[in-house]
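Summary of the model geometry
Listed here are the chains, written in short residue letters.
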Amino acid sequence: MVPELENATVRIQRPERVAGIIRSLREQGASKLQVISDFDMTLSRFGCSGGRCPTSHNILNDSRVISEDGRKKLKDLLDYYYPIETDPNRTLEEKRPLMVEWWSRVHELLTQQNIRKGDIAQIVRESGVMLRDGFKELFDQLHKYSVPLFIFSAGIGDILEEIIRQANVFHSNISVVSNYMDFDESGVLTRFKGPLIHTYNKNNSVLQGTECFQQLSTRTSIILLGDSMGDLTMADGVPSVESILKIGFLNDKVEEQRGKYLDAYDIVLERDETLDVANGILRYIL
Ligand code: C5P
Ligand code: MG
């Protein structure tokens, strides 16, 4: 059916169930399908050139527009909160208020840095960020078959849009819900527009009233792509889901998190820097 499912990075707890979902997605066809995807570490790579690939936050935080003092404070916040975000021994209820704290402190710091709208393209160009291998096929196929791609990100909307634009794949079928910057008349960042989206509130609560929420409710077959346990609720706002296939990239703390990911995601991709599996499934469905 889908040869890519035999790749060494693929783990599936219930293969018959997965085969059933994929068959049903094919039967429903392109007109019923939508792809709901996380951005950082899902569409973008986790690792590149031996190190970590930057997230949309990292890109800004490590850029030349941030003062040395600002960079240090942002790094301290990352070192403190990232282990909490990915701690397999804490519940989501424990993590949620801490994530709000992290994002709020970061946004506050960023608004003190005199960041200019006009700097963003250059910051992204200099960042070394990479989309996962196979991104062009993914974005182009979805566009070709008019399948909506809804990107739901706790990162920074202005940065991730620019990454996609510079990769020449920002097609008309893409909609994004993320944390967007608000600039004053002279183009300087003054605040972030609400509601604040962090790793563990990617659900209905922040989608109500958005334009794409309306649009997406008629597409009842879903492929969901994520890398965090928080990404599993991204499709909760779609009212009558017929079939949903959840594909999870397990990037970090692989051995510790394997069991939990296998229970939650239909397909788990371990240390896989490509979109080959998603592309293989789409090739079969479309
Ligand atoms: O797009 P996505 O929802 O994945 O964005 C959240 C990602 O951004 C998480 O992987 C988180 O670790 C990362 N992050 C970061 N710096 C922050 C806040 C979040 O790198 N200040
Ligand atoms: Mg992510």
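Keep in mind that what you see is a predicted model, and the values were worked out from it rather than measured. (Residues numbered from 1 in each chain as written. Chains lettered and ligands numbered in written order. Predicted model: local features only at pLDDT ≥ 70, side-chain atom pairs only at ≥ 80, totals over all residues. Heavy atoms only, no water.)

Turning our attention to the site of ligand 1. As a structural note, the neighbourhood of ligand 1 is formed by 15 residues, with Asp 38, Thr 55, Glu 85, Ser 153 and Lys 202 the closest of them. Side-chain polar atom of Glu 85 to an oxygen atom of ligand 1: 2.6 Å apart, as the coordinates give it. At 2.7 Å, a side-chain N or O of Lys 202 approaches an oxygen atom of ligand 1. Considering ligand 1 on its own, with 470 Å² of exposed area, one finds that the protein chains cover 95% of that surface. For the shell around ligand 1, the secondary structure elements donating two or more residues are helix 2 (56–61), helix 3 (68–85), helix 4 (92–111) and strand 5 (149–156). (Near = heavy atom within 4 Å. Polar contact = N/O pair within 3.5 Å; in protein donor to acceptor, adjacent residues only side chain to side chain. Areas by Shrake-Rupley, 256 points an atom, 1.4 Å probe, with all protein chains shown as cover. Helix = DSSP H or I, 4+ residues; strand = E, 2+ residues; numbered from the N terminus.)

We now examine the confidence of the model for the chain. For the chain, the mean per-residue pLDDT works out to 96, and 100% of the residues sit at or above 70. Scored as a complex, the prediction yields pTM 0.97 and ipTM 0.97. (pLDDT = per-residue confidence, 0-100.)

The next subject is the environment of Ile 12. In this structure, Ile 12 sits in the loop between strand 1 (10–11) and helix 1 (15–28). Ile 12 sits 254 residues away from Asp 266 along the chain, and the two C-alpha atoms are 6.3 Å apart. Leaving out residues up to four positions away in the same chain, Ile 12 has contacts with Leu 5, Val 18, Leu 262, Asp 266 and Ile 267. (Contact = heavy atoms within 4.5 Å.)

This brings us to the pairing of strand 2 (residues 33–37). Consecutive side chains along a regular strand alternate between the two faces of the sheet. For strand 2, the buried fraction is high: five of the five residues fall into the buried class. Along strand 2, one buried face is formed by Leu 33, Val 35 and Ser 37 and the opposite face, lined by Gln 34 and Ile 36, is buried too. Relative to strand 9 (residues 221–226), strand 2 runs parallel, the two sharing five bridges. Its bridge partner lying in strand 9, Gln 34 is registered against Ile 222. In the sheet, strand 2 pairs with strand 5 via three bridges, with the strands oriented parallel. Across the sheet, residue Val 35 finds its bridge partner in strand 5, namely Leu 149. (Buried < 20%, exposed > 50% of the residue type's maximum accessible area, 1.4 Å probe, protein only. Pairing = 2+ DSSP bridges.)

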